[in-house]
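The chain contents come next:
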Amino acid sequence: MQLTEHAAALRAEGRDVIALSTGEPDFPTPAHVIQAAHAAALAGKTRYPATAGTPELRDAIAQRNGVTRAEVIVSTGAKQVLANAMLASLDEGDEVIVPAPYWTSYSDIVAMAGGTPVVVPCSMAQSFKITPASLRAAITPKTRWIMLNSPSNPSGAIYSAGEQRALADVLAKHPHVLILVDEIYEHLSYVPFSSFKSAAPELAERILIVNGVSKAYSMTGWRIGWGVGPAAMIRAMGAVQGQVTSGACSVSQAAALAALQGDESLLESRRETLHARRDKVVAALNAVPGIRCPTPDGAFYVFPDVTGAMQRGGYANDADFCAGLLDRAGLAIVPGRAFGLPGHVRLSFAYSEAELDAGLSRIAEILKGN
């Protein structure tokens, strides 16, 4: 967001800048969702909602996840679900295992709640995924949570059912460790997706699933996310939420309900569009000297290794590399250190074809000349 805002400031100064830095799809919110929000507002559904969410939306989420309403909380975005969980459960010094690369807010949310992030680097060679051995080595008596993200931001990595089962076998031996799985990109998967909970049903009383409408339904600004977990955990998270924001926007909840209950055929067509964009971006980046770009399994990001390009161009680190692209080529992307894994960059392909083509051309022009 900081890079995007900086790019906007440069544009305001008259610079020609392209930002491929934010995780926000360029598709519009579906028309029927907007119509449902309008109808809710006209019908007077504009008063304080229940802290944990409207009964209708919680029931719809519960039905999708095979749980009861008491096991669902609706929040002002998935980020608040994460914060609620950490604030409700962490004591000072509790440890949270965070595989890197991770979404940049994970470690800060843990620290804000008084916890200690235990970052476990997961290299490109291991497909950016934590292994059972690494997980086992990271667990201590102070471990309170592990935070997983599948499909991943920033790498697009997806844990297969078999990989989830292997991690579950380790976690089964450590009943003091809770499991948070962020599945916000569930519907943006280019390989088969399975939820961690379905791979490890015996651990259900320790699992919190985080999801929402922001990414798949292009509803980032509506700010609706949810958590699905054990009723006691949800009650504790609701107690936190009640003192921070109370219930999420009532009109946005009506919109989210329409998204979940309406025609979802657009999800497949949009996924196909993103799939094609992914293949274009991966091919273009791998044609640039010094860049190695693996193909992501999901989400709408690539997370290439740029150490070769950094060396060729004389850049000190990935932050310097990104600053150079912004200054020399007018292109904003995000350094990998923001996600806990230096030497990489994150580039979003949730942009128009024209923006992607222009951005990729600028990368090729600048780096092929080094």
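Since we're looking at a predicted model, the values are computed, not measured. (Residues numbered from 1 in each chain as written. Predicted model: local features only at pLDDT ≥ 70, side-chain atom pairs only at ≥ 80, totals over all residues. Heavy atoms only, no water.)

*Asks:* Would you explain the confidence of the model for the chain in this entry?
*Replies:* Segments scoring low in pLDDT should not have their predicted coordinates read at a detailed level. Mean pLDDT over the chain works out to 96, with 99% of the residues at or above the 70 mark. Highest mean pLDDT in the chain belongs to strand E2 (residues 72-75) (99); lowest belongs to helix H1 (residues 2-12) (77). (pLDDT = per-residue confidence, 0-100. Helix = DSSP H or I, 4+ residues; strand = E, 2+ residues; numbered from the N terminus.)

*Asks:* Sorry, what's going on with the environment of isoleucine 18 here?
*Replies:* Within the secondary structure, isoleucine 18 sits in strand E1 (residues 18-19). Residues isoleucine 18 and alanine 354, 336 residues apart in the sequence, show an inter-C-alpha distance of 10 Å. Contacts of isoleucine 18, omitting those with residues within four sequence positions, involve Arg11, Gly330, Leu331, Ala332, Glu355, Ala358, Gly359 and Arg362. (Contact = heavy atoms within 4.5 Å.)

*Asks:* Help me understand the sheet that holds strand E9 (residues 301-302) in this model?
*Replies:* Within a sheet, neighbouring strands are paired by backbone hydrogen bonds and run either parallel or antiparallel to one another. Read across the sheet, three strands follow the order E9-E12-E11 without closing on themselves; strand pairing throughout is antiparallel. With partners counted over all chains shown, the strands left at the sheet margins are E9 and strand E11 (334-335), one partner each. Pairing of E9 with strand E12 (residues 345-348), which is carried by two bridges, proceeds in the antiparallel orientation. Its bridge partner lying in E12, tyrosine 301 is registered against serine 348. (Pairing = 2+ DSSP bridges.)

*Asks:* Any chance you could explain the packing of helix H4 (residues 78-89) against helix H5 (residues 105-112) here in plain terms?
*Replies:* The relative placement of two packed helices comes down to the angle between their axes together with the axis-to-axis distance. Contact geometry for H4 and H5: axes closest at 9 Å, N-to-C directions at 35°. In terms of crossing hand, the pair formed by H4 and H5 is right-handed. Across from Lys79, Leu82, Ala83 and Met86 in H4, the residues of H5 making contact are Ser105, Tyr106, Ile109, Val110 and Met112. Residues of the contact of H4 with H5, tallied by class, amount to seven nonpolar, one polar and one charged. (Axes fitted to C-alpha atoms, helices over the stretch in contact; angles between N-to-C directions. Left-handed = near helix turned anticlockwise from the far one by under 90°. Nonpolar A, V, L, I, M, F, W, Y, C, P; charged D, E, K, R; others polar.)

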